[in-house]
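# Breakdown of the fold
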Amino acid sequence: MTDFQPLPEHRFTFGLWTIGNVGRDPFGLPTRDPIDPVDIVHVLAEVGAYGVNYHDNDLVPIDATLAEERAIVERFRKALAETGVKMPMATTNTFSDPIFKDGAFTSNDARVRAYAMQKVIRTMDIAVELGAETFVFWGGREGTETDASKSAADAVKRMRDAINFFCEYALSQKYNLRFAMEAKPNEPRSDLYLPTTGAMLGFIATLDHPEMVGVNPEVAHEHMAGLNFMHAIAQAWEAGKLFHIDLNDQLFGRYDQDFRFGSAMIKQNFFLVKFLEDVGYAGCKHFDAHAYRTEDLDGVKDFARGCMRSYLILKDKAARFNADAEIQGLLREINAFDGGFDYLKGGFSQDALEKLRAHEFDRAAIARRGLKYERLDQLTFEIITGVR
Ligand code: DIG
Ligand code: MN
Ligand code: MN
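Counting restarts for each chain: residues are numbered from 1 in the order of the written sequence. To label them, take the chains in the order written and letter them from A, then take the ligands in the order written and number them from 1. At least 70 in pLDDT is required for a residue's local features to be given in this predicted model, at least 80 for side-chain atom pairs to be given and counted, and no such filter applies to totals for whole chains, interfaces and linings, which use all residues. Note that water and hydrogens are dropped before the side-chain values are worked out from all heavy atoms of the structure.

### Some details on helix 9 (residues 229-238)
How we decide: Under the scheme applied here, a residue whose accessible area is under 20% of the maximum for its type counts as buried, over 50% as exposed, and between as partly exposed, the area being computed with a 1.4 Å probe on protein chains only. The way it works is that DSSP assigns letters per residue, a run of H or I at least four long becomes a helix, a run of E at least two long becomes a strand, and they are numbered from the N terminus. Here, the arc refers to the directions that run from the helix axis to the C-beta atoms. Contact criterion: two residues are considered in contact whenever any of their non-hydrogen atoms come within 4.5 Å of each other.
Of all the residues in helix 9, the buried ones are F229, A232, I233 and A236. The arc that holds the buried residues of helix 9, viewed along the axis, is 90 degrees, so those residues lie on one side. Residues H231 and E238 are exposed on helix 9 and point more than 90 degrees away from its buried face. Of the surrounding secondary structure, the elements contacted by the buried residues of helix 9 are helix 7 (197-204), strand 8 (213-215), helix 8 (219-224), strand 9 (246-247) and helix 10 (266-279). Remark: G240 follows helix 9 within two positions and exhibits a positive phi of approximately 70 degrees.

### Some details on the coordination of the manganese ion (ligand 3)
Where we set the bar: Coordinating donors are taken to be N, O and S atoms lying within 2.8 Å of the metal, or within 3.2 Å when the metal is Na, K or Ca; because water is excluded from the atom set, some sites may appear incomplete. Geometry is assigned from donor-metal-donor angles: four donors are tetrahedral when every angle falls between 85 and 135 degrees, four are square planar and six octahedral when opposite donors sit over 155 degrees apart with all other angles between 65 and 115, and any other arrangement is irregular.
Coordination sphere of the manganese ion (ligand 3), protein contribution only: E182 (OE), E218 (OE), D246 (OD) and D288 (OD), at 2.0 to 2.1 Å. The site at the manganese ion (ligand 3) holds 6 donor atoms, and with the angles between them running 74 to 173 degrees, its shape is irregular. Between consecutive donors of the manganese ion (ligand 3), the numbers of intervening residues give the motif E-x35-E-x27-D-x41-D. In this structure the manganese ion (ligand 2) is found 4.6 Å away from the manganese ion (ligand 3), and E218 serves as a bridging donor for the pair. Separated by 64 residues along the polypeptide, E182 in strand 6 (residues 178-182) and D246 in strand 9 bring together distant segments of the chain.

### Let's talk about the site of ligand 1
This is how the line gets drawn: One heavy atom suffices: a residue is near a molecule or strand as soon as one of its heavy atoms comes within 4 Å of it. Here a polar contact is recorded for every N or O atom pair within 3.5 Å, except that within protein the pair must consist of a potential hydrogen donor and a potential acceptor, and residues adjacent in sequence are included only if both atoms are side-chain atoms. Charged means Asp, Glu, Lys or Arg here, nonpolar means Ala, Val, Leu, Ile, Met, Phe, Trp, Tyr, Cys or Pro, and polar covers whatever is left, Gly included.
Every residue near ligand 1 is listed here: W17, H55, M89, T91, W138, E182, N216, E218, H221, D246, H286 and D288. One of the side-chain nitrogen or oxygen atoms of E182 is found 2.8 Å away from a nitrogen atom of ligand 1. Of the residues belonging to the shell around ligand 1, the class tally is 3 nonpolar, 5 polar and 4 charged.

### Quick look at the environment of D351
Considering the arrangement of structural elements, one finds D351 in helix 14 (residues 350-358). Taking the C-alpha atoms as reference points, D351 and L29, separated by 322 residues in sequence, lie 70 Å from one another.

Structure representation (structure tokens):
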């Protein structure tokens, strides 16, 4: 039994906004005081996190002068150096300021699109200076309440123009940056463009430099769309596009809850952690979440420790699943017919075609086979609940 303590090798990270979340919601005022970003770094060091992720305006106020920005960034850099906390990911807030009320890169106003691009470039420079290697785009306002306002195709084109520009900028500066697109189906707009990880994968394929761009799937966001999160990241992984991941938790059919990881959909999170561990995902595990509005600073630390501890507990459960003799025996039995038909494994050929045409299948016998998934899933439940 491990003690489930986070280590740097686990690469657990938290955004400045997660620890710094003041508990405001659409129906209530803040319940916690703001925390100085330098203090957030120290809290993350105290709870054992590997890194902190940078939202530009969570550190540098949007109207800061260049001199103020330099002083703030230098003070933050010192806190990183003092604590050993890393800053592997950065992103730009293109959703809070009123100028973004109709989107940033997809706005109908070219001035807004240009301002958003200027803001991102400035964030990219600071991000690289502080050591980030992944740059996330979450288009929180890239959407609409009425499709009368713009062509959804134009919106995608405008998004592509922006991302292509940033890829070229990174290349021109020789920045070692990879971009990760984060999808969400809705909120705060009625509908967001590029609403799921799958949509983002399709979008990435249309870019000038698709090799520089991957995805940053978030549990809550795929759940808001009623989707199986592990399937989304499995497709991204298989395509070599799982550049980053936002872990949290979320009940289906609700607003973006951004709950502590593991706190809502335990079975789904078991399969998520099992997948990441089985494939050896080595990227950062970013807990893009926040404490309940009911919590004080001690509760925020409980939230952060809980995210990491729950991941490690599920990692241990996944190892128990993989080591369980009855489960592994069932999986061998279930996959007993995965072999044969080697002539099809090389793809199409006239020889394969002729053999396939000639093969006679006993369809009824194949269909009669019981697959023992009930027993397999019950054993999985017993692993998760600690009975096995
Ligand atoms: C919200 O899910 C978004 C923003 O917090 C940020 O742009 C990104 C960071 O991973 N997630
Ligand atoms: Mn979210
Ligand atoms: Mn997120």
